[in-house]
Amino acid sequence: MTDELDIYRRQGMGGSMGLGKALAVVVVDFVRGFADPEHFGGGNIGPAISRTAELLALARSRGWPVAHTRVVYADDGSDAGAFALKATGLSKLTETSPLSQILPEVAPVPGELVVRKRQASAFFGTELAGWLAFRRVDTLLVAGCTTSGCVRATVVDSCSHNFRTVVVTDCVGDRALAPHEANLFDMGQKYADLMSLEELRTSSLAGATS
C-alpha cells in the first residue's frame, strides 16, 4: 500500500479539501432492503447504520441541513432505466414497498429533505443540488450505502458540483468489504476527504459552523 500511495502522491492526488463553514449531511439509501442481507444488505452496512444514527444526532444538534435518499420506482417499472437493468432487484423498491422505507433509527425528522431517486447518485435528476445551494452549504458529509455504488456516485457528483465533500468512513457500508475498502481509498485520493465520525466531531467543533 505504501508504494501505491507514493504513486498517487507523486501525481498530486490525495489533497485535503477541508471543512467549510456551512455543513450538511446526506444519508444515502439506508432503507430496509439495504439493511437485510436477504435483499441488498450484508457486509458492514449494519454497523454503518448505527453510527449514522449518531451522525444525525450530531447534525441536528448543530443545525446542519440533512437530506435522505430512497431508490423509488413506479409499481409498473415504467420509469426504470439502465441502472435497474443492471441491478434487476432494485425494481422491488417501489413507493410503498417495505424494502424502500427509511429505517426508523435513521428516519428523517421535520425539516429534512427526502430525495426519491432512480439512479445511483443522490444528485442525478433530483432537487438535491438546488436544495443545498439555497441553504448556502459548502461542505457535504456523506453517509449511507453502498460505498462502491450509490455512495461513490453521490460523492463524485458532489465534487462535480464544487461542494467540499467528506465521506464519514464509519457511516458508510457495503455488502462486501473489499469494494468498500477499495472505493474509500479511491474516493479519498480523488473526490473527497475521509473522516471518521469522531474526527468529524472534533474538526467541526474547531471551526466549521452551520
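Given the structure is predicted, the values throughout are model-derived calculations rather than measurements.

Draft legend 1. Just the overall build of the protein chain, in detail. From N to C terminus, the protein chain includes 8 helices and 6 strands. In sequence order, the protein chain lays out its α and β elements as α-β-α-α-β-α-β-α-β-α-β-α-β-α. Taken against the 2.2 N^0.38 rule, which gives 17 Å for 210 residues, the C-alpha radius of gyration of the protein chain at 16 Å falls within 12% of a compact globule. Counting only C-alpha atoms and orienting by the principal axes, one finds that the protein chain spans roughly 50 × 40 × 30 Å. Looking at the protein chain as a whole, 47% of its 210 residues are labelled buried. The contacts in the protein chain between residues at least 6 apart in sequence include a share of 79% that link residues at least 24 apart. As presented, the protein chain carries roughly 9,700 Å² of accessible surface, and 53% of it is formed by carbon and sulfur atoms. The centroid of the 20 positive side-chain charges in the protein chain is displaced by 5 Å from the centroid of its 23 negative side-chain charges.

Draft legend 2. Summary view of the packing of helix H6 (residues 147-160) against helix H7 (residues 177-190). One way to put it is that H6 packs onto H7 with a least axis distance of 10 Å and a crossing angle of 15°. Considering their axes alone, H6 and H7 lie roughly parallel with respect to each other. The handedness of the crossing between H6 and H7 comes out as right-handed. The segment H6 lies against H7, with Thr147, Ser148, Val151, Arg152 and Val155 engaging Pro179, His180, Asn183, Leu184, Asp186 and Met187. Here the residues of the contact of H6 with H7 are counted per class, giving 5 nonpolar, 4 polar and 2 charged.

Draft legend 3. Structural context of the environment of Phe30. One can find Phe30 in the loop between strand E1 (23-28) and helix H2 (32-35). When sequence neighbours within four positions are dropped, the list of residues in contact with Phe30 reads Ile45, Ala48, Ile49, Thr52, Thr69, Ile102, Leu103, Val106, Gly144, Cys145 and Cys171.

Draft legend 4. Representation of the pattern of salt bridges in the model. Under the defined criterion, the tally for this structure stands at 11 salt bridges. Salt-bridge contacts for Glu54 lead to Arg51; the nearest nitrogen and oxygen are separated by 3.0 Å. Highlighted residues: Glu54 and Arg51, both in helix H3 (residues 45-62), separated by 3 residues, approximately one helical turn. Under the relative-accessibility criterion, Glu54 is labelled partly exposed at 34%. Look at Arg51 and you get partly exposed, because its relative accessible area is 24%. For Asp186, the salt bridge identified is with Lys190, shortest N-O distance 3.2 Å. Of this pair, Asp186 and Lys190 both sit in helix H7, 4 residues apart, which is roughly one turn of the helix. Residue class for Lys190 comes out partly exposed when judged on its relative accessible area of 38%. Sharing partners across several salt bridges, the network here consists of Arg51, Glu54 and Asp170.

Quick notes on the rules
Residues numbered from 1 in each chain as written. Predicted model: local features only at pLDDT ≥ 70, side-chain atom pairs only at ≥ 80, totals over all residues. Heavy atoms only, no water. Helix = DSSP H or I, 4+ residues; strand = E, 2+ residues; numbered from the N terminus. Rg over C-alpha atoms; globule rule 2.2 N^0.38 Å. Buried < 20%, exposed > 50% of the residue type's maximum accessible area, 1.4 Å probe, protein only. Contact = heavy atoms within 4.5 Å. Areas by Shrake-Rupley, 256 points an atom, 1.4 Å probe, with all protein chains shown as cover. Lys, Arg positive; Asp, Glu negative; His and termini not counted. Charge placed at Lys NZ, Arg CZ, Asp CG, Glu CD. Axes fitted to C-alpha atoms, helices over the stretch in contact; angles between N-to-C directions. Parallel < 35°, antiparallel > 145°, perpendicular 65-115°, else oblique. Left-handed = near helix turned anticlockwise from the far one by under 90°. Nonpolar A, V, L, I, M, F, W, Y, C, P; charged D, E, K, R; others polar. Salt bridge = Lys/Arg side-chain N within 4 Å of Asp/Glu carboxyl O.

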